[in-house]
Amino acid sequence: NNEKSVPQLLIRHLKFEKSLTRLMFSPDQENHPSKAPVKYGELIVLGYNGSLPNGDRGRRKSRFALFKRPKANGVKPSTVHIACTPQAAKAISNKDQHSISYTLSRAQTVVVEYTHDSNTDMFQIGRSTESPIDFVVTDTVPGSQSNSDTQSVQSTISRFACRIICERNPPFTARIYAAGFDSSKNIFLGEKAAKWKTSDGQMDGLTTNGVLVMHPRNGFTEDSKPGVWREISVCGNVFSLRETRSAQQRGKMVENETNQLQDGSLIDLCGATLLWRTAEGLSRTPTVKHLEALRQEINAARPQCPVGFNTLAFPSMKRKDVVDEKQPWVYLNCGHVHGYHNWGNKEERDGKDRECPMCRSVGPYVPLWLGCEAGFYVDAGPPTHAFSPCGHVCSEKTTAYWSQIPLPHGTHTFHAACPFCAHQLAGEQGYIRLIFQGPLD
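First things first, this report covers the structure right here in the doc. Computed from a predicted model, the values in this text were never measured in an experiment. (Residues numbered from 1 in each chain as written. Predicted model: local features only at pLDDT ≥ 70, side-chain atom pairs only at ≥ 80, totals over all residues. Heavy atoms only, no water.)

Observations regarding helix α7 (residues 288-300)
Every α-helix carries 3.6 residues per turn, so stepping three or four residues along brings you back to the same face. For α7, spanning 13 residues, the distance from its first C-alpha to its last is 18 Å, which sits close to the expected 18 Å at 1.5 Å a residue. Residues H290, L291, A293, L294, R295, E297, I298 and N299 constitute the buried set of α7. Of the residues trailing α7, R302 is marked for its positive phi of about 50°. (Helix = DSSP H or I, 4+ residues; strand = E, 2+ residues; numbered from the N terminus. Expected span 1.5 Å × (residues − 1). Buried < 20%, exposed > 50% of the residue type's maximum accessible area, 1.4 Å probe, protein only.)

What about the pairing of strand β15 (residues 229-232)?
By the alternation rule, side chains of β15 split into W229 and E231 and R230 and I232, which are all buried. Across four bridges, strand β14 (residues 211-214) lies against β15 in antiparallel orientation. Pairing of V213 across the sheet is with R230, part of β15. Pairing of β15 with strand β16 (residues 238-239) involves two bridges; the strand directions are antiparallel. Following the sheet pairing, I232 is matched in β16 by V238. Remark: five residues form the turn of the hairpin made by β15 and β16, two consecutive strands paired antiparallel; G236 in that turn has positive phi of roughly 90°. (Pairing = 2+ DSSP bridges.)

A few points about the side chain of D379
Tracing the sequence through the fold places D379 in the loop between β23 (369-370) and β24 (385-387). Here D379 occupies a buried position and makes no salt bridge, while the nearest side chain of opposite charge, K397, is found at 5.3 Å. For D379, the side chain forms a polar contact with the side chain of S395, separated by 2.5 Å. Leave out the neighbours within four places in its chain, and D379 touches E222, P286, S395, K397 and T398. (Lys, Arg positive; Asp, Glu negative; His and termini not counted. Salt bridge = Lys/Arg side-chain N within 4 Å of Asp/Glu carboxyl O. Polar contact = N/O pair within 3.5 Å; in protein donor to acceptor, adjacent residues only side chain to side chain. Contact = heavy atoms within 4.5 Å.)

Overview of the layout of surface pockets
Any space left empty among the atoms is revealed by the rolling of a water-sized probe across them. Looking at the second largest pocket, its volume works out to about 450 Å³. Residue lining of the second largest pocket: 24 residues in total, with T140, G271, A272, P408 and H409 positioned closest to the centre. Among the elements that make up the lining of the second largest pocket, the one with the highest residue count is strand β26 (residues 407-409) (three residues). Here the residues of the lining of the second largest pocket sort into 11 nonpolar, 10 polar and three charged. Summarising the domain contributions, the lining of the second largest pocket has at least three residues from each of domain 1 (39-144 + 153-284) and domain 2 (288-433). (1 Å grid on protein atoms, 1.4 Å probe; cavity = no way out; pocket = protein on both sides within 12 Å on 5 of 7 lines; lining within 4 Å. Points joined across faces, edges and corners; volume = space filled by probe spheres on them. Nonpolar A, V, L, I, M, F, W, Y, C, P; charged D, E, K, R; others polar. Domains from an automatic or database assignment.)

What to know about the pattern of salt bridges
Taken as a whole, this structure holds 14 salt bridges when the rule is applied. Each of K39, E42, R63 and E373 takes part in a single network of salt bridges with overlapping partners.

Let's talk about the pairing of strand β2 (residues 39-45)
In terms of burial, β2 is a largely internal element, seven of the seven residues being buried. As judged from the five bridges shared by β2 and strand β3 (residues 63-67), these two strands associate in the antiparallel manner. Bridge pairing links I44 to R63 in β3. Relative to strand β18 (residues 273-278), β2 is paired through five bridges, and the arrangement is antiparallel. Counterpart to E42 in the pairing with β18 is R277.

Structure below.
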């Protein structure tokens, strides 16, 4: 029997295990860490396999690294002004002072002034391209190959969606807050926004579509399990979810949880979901070099199409959108890998479902693509499994982890999706084990 699963093929042809181990560690560790700027972590947008469709440019890209700033730019709350006094109005119009304005009624606004904090760095994320935004994020359209697909959608991502405050001293704790300061250094919560006075006399509130966070259990490792989605307030407090995304009534406060980000925390901005990876977590993650070595290893095993007997090969990571003639294809119901062929394409079917020549099971037949965004991998295992229905290939534990995560979709639903293309997962598990045919010689 010539059917082999990927691990057997890999083991048979593994000629450079030692070099793989070397490649596991990120370049940051190989260089002299003392000279490099301190990296707090990275934000990676789900749905992009290594870069945006039209390429990463400036502040608009698929991943964003947060480095310690040359000079601290963090802020912390200071004076609270109540009612429409001239002082409050001045605080709002003062372009040199950060402030948050809570409009309670036409007659009453509470303004909380913020003062400079020399111990923290602030990073802002949102849809706006104005200068206060460090990382510009637009709505993710599942499987979209070009940005032209995304422009027609009315965005649900806030212009100034959230801010992350990082401690400048070890352990470099990162905390997330809803809403970001605009060009006038102001956050303005209008009459309709959910807001309230806290027990200690401070103000707090939620943004229109909210900022949701999920911290995984057991960190971001091969033992990770999904956590519970929570909403984060403007002051960084944690709440259970509202009934719908923009409901006026806030959820219950969750006292024993914090807004501190962990390796693997997911941040949902209602239109895009970001994965937070700490610098330490990234140092244990496979690098692009490691993924490239695994790709070459699988290709060196010369998997064959059981119908055409032609050798199959995964295209290079740079050609991740163009179907190659040697590209492996898979029958998603059974996992048998073939080259492209016309077998089993019955006209009476809708064209999507095909019959596998190996086992006659009928189901979708799609090209396989390697998952190139290393930050989504929970381990460094070989690429043995593929998400269904998109055909993105990665390690077994990575497919198992992402298939369990309910990602927010629209304003009130959740579903599991492929991290590489954001397509909703289908089938019983949402992924399948690949069965390759080894060479006949």
